[in-house]
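Here is how the chains run, residue by residue.
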Amino acid sequence: MRELPLPLALTVRLLPVAVLASAGWALSSGPFAATPADEQDPARNNAAASGSGSDESAPSASAAAKAYSQAPAPCSGISEKTVKSLVPEAKTAGQEITSTDKAVRRTCSWNALKGFDYRWLDVSYEIKNSDDKALTAYEQRVKEKSGGGAVPGLGDTAYSVVNLTTEDKQQTREGAVIARVSNALVVVTYNGSDFESKKAPGTDEINKGAIRAAKEAVAALDDAQ
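Student: Break down the overall build of the chain for me, with residues and values.
Tutor: For the chain, the helix and strand inventory stands at 5 helices and 7 strands. When its helices and strands are written in sequence order, the chain yields α-α-α-β-β-β-α-β-β-β-β-α. Burial statistics for the chain: of 225 residues in total, 40% are counted as buried. A fraction of 61% describes how many contacts in the chain between residues 6 or more apart in sequence connect residues 24 or more apart.

Right, dumping it as structure tokens:
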């Protein structure tokens with residue numbers, strides 16, 4: 001096969017990365033995207049407004065102490081060893097995504113191309129005002145992402161799903177894991193493509209990779225407190 005001139009070959013090789021990178025952002029901003037940063041509880045506000053006729057010394061359920069008060073540094077949630085394994089050639093430090101409120105949501109991203117093999121990993125932490133709010137958000141996202149299953153032993157409850165998409169004959173397989181730990185959510189997305197074969201990595205590889213990252217990210221929650 002005749003080799004392409006270097007500049008053109010490099011362009012052909014890297015162009016899909018830009019395309020897939022844009023797709024990666026879109027995938028991670030879908031059903032698993034951040035909920036609004038404003039987590040104020042209307043019920044709590046109403047109770048405060050009408051509290052003159054109640055026992056002010058009794059604490060409300062919504063005022064109970066939260067297990068997690070802020071999101072940890074997301075790029076520290078995954079070990080260098082795991083980053084090197086799941087995203088070969090990526091900078092292990094990762095890149096934190098700009099957030100409107102770091103106390104509520106923080107995300108770190110790793111992506112790289114090794115040869116023609118591309119991988120992308122996102123890890124997000126979201127802090128809710130209560131366990132109930134976290135559970136509601138968790139259940140909504142699981143409902144929106146059908147076809148997956150429970151992940152035993154991860155957080156209070158966890159779910160994983162893997163999907164295959166094809167665009168212009170290029171396959172991309174993405175795994176998503178969402179775990180709830182008290183009032184915190186940990187969301188991991190992991191996807192990959194092979195630009196030479198046009199095929200995607202196997203379901204088992206992507207699912208196990210996403211779960212591996214999620215387990216480390218959940219463990220980092222307690223380490224950061």
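Student: So what's going on with the sheet that holds strand β3 (residues 117-127)? Residues and values would help.
Tutor: The strand order across the open sheet formed by 7 strands is β1-β2-β3-β7-β6-β5-β4, and the pairing between neighbours is antiparallel. Each edge of the open sheet is held by one strand with a lone partner, namely β1 (95-97) and β4 (149-150). As paired elements, strand β5 (residues 157-167) and strand β6 (residues 170-181) share 11 bridges and run antiparallel to each other. Counted as the bridge partner of S160 is V177 from β6. Against the sheet, helix α4 (residues 131-144) engages β3, β5, β6 and β7 (184-194), with an angle of about 155° to β6. Against the sheet, helix α5 (residues 203-223) makes contact with β3, β5, β6 and β7, and its axis sits at roughly 150° relative to β7, the strand it touches most.

Student: Give me the lowdown on the confidence of the model for the chain, citing residues and values where you can.
Tutor: Model confidence for the chain is summarised by a mean pLDDT of 81, while 71% of its residues fall at 70 or above. The low-confidence segment residues 1-16, where pLDDT is below 50, has 8 contacts with residues more than four positions distant or belonging to other chains. Counting interchain partners and residues more than four positions distant, the pLDDT-below-50 stretch residues 18-63 has 49 contacts.

Student: Tell me about the nonpolar core, residues and numbers included.
Tutor: Membership of the largest hydrophobic core comes to 34 residues, with the highest contact counts inside it found for V87, W110, L121, V123, Y125, L154 and V188. Those elements that provide at least two residues to this core are α3 (80-86), β2 (105-114), β3, β6, β7 and α5. At 9 residues, the largest contribution of residues to this core is made by α5. Those residues in contact with V188 that lie beyond four places of it in its chain are L121, D122, V123, G175, A176, V177, A210, A213 and A214. Counting 9 residues, the second-largest nonpolar core is a separate cluster that includes Y138, Y159, I178 and V187.

Student: Give me the lowdown on the state of the cysteines, citing residues and values where you can.
Tutor: Applying the stated criterion across every chain, the model contains 1 disulfide. Here C75 engages in a disulfide with C108; their sulfurs sit 2.0 Å apart. Because the torsion about its S-S bond is 95°, the bridge between C75 and C108 counts as right-handed. Linking C75 in the loop between α2 (42-49) and α3 with C108 in strand β2, this pair joins segments that are 33 residues apart in sequence.

Student: Could you give an account of the side chain of S124, naming the residues involved and the relevant values?
Tutor: In this fold, S124 is placed in strand β3. Under the relative-accessibility criterion, S124 is labelled buried at 5%. At a separation of 3.4 Å, a polar atom in the side chain of S124 contacts the side chain of R105. At a separation of 2.6 Å, a polar atom in the side chain of S124 contacts the side chain of T107.

Student: Can you break down α5 residue by residue, with the values?
Tutor: Since the α-helix turns once every 3.6 residues, residues separated by three or four places project in the same direction. Look at α5: 31 Å from first C-alpha to last across 21 residues, which is about the 30 Å you get at 1.5 Å a residue. Check the buried side of α5 and you find it contacts α3, β3, β5, β6 and β7.

Student: An account of the pairing of β2 is requested, with residue identities and associated values reported.
Tutor: With 7 of its 10 residues buried, β2 lies for the most part within the structure. Relative to β2, β1 is paired through 3 bridges, and the arrangement is antiparallel. Residue pairing in the sheet places E96 in a bridge with C108 of β2. Where β2 lies against β3, 10 bridges are found, and the strand directions are antiparallel. What sits directly across from R105, in β3, is E126. Taking the residues between adjacent antiparallel strands as the criterion, β2 and β3 are bridged by 2 residues, where G115 takes a positive phi near 65°.

The rules behind each value
- Residues numbered from 1 in each chain as written.
- Predicted model: local features only at pLDDT ≥ 70, side-chain atom pairs only at ≥ 80, totals over all residues.
- Heavy atoms only, no water.
- Helix = DSSP H or I, 4+ residues; strand = E, 2+ residues; numbered from the N terminus.
- Buried < 20%, exposed > 50% of the residue type's maximum accessible area, 1.4 Å probe, protein only.
- Contact = heavy atoms within 4.5 Å.
- Pairing = 2+ DSSP bridges.
- Axes fitted to C-alpha atoms, helices over the stretch in contact; angles between N-to-C directions.
- pLDDT = per-residue confidence, 0-100.
- Core = buried A, V, L, I, M, F, W, Y, C linked by side-chain atoms within 4.5 Å.
- Disulfide = S-S within 2.5 Å.
- Polar contact = N/O pair within 3.5 Å; in protein donor to acceptor, adjacent residues only side chain to side chain.
- Expected span 1.5 Å × (residues − 1).

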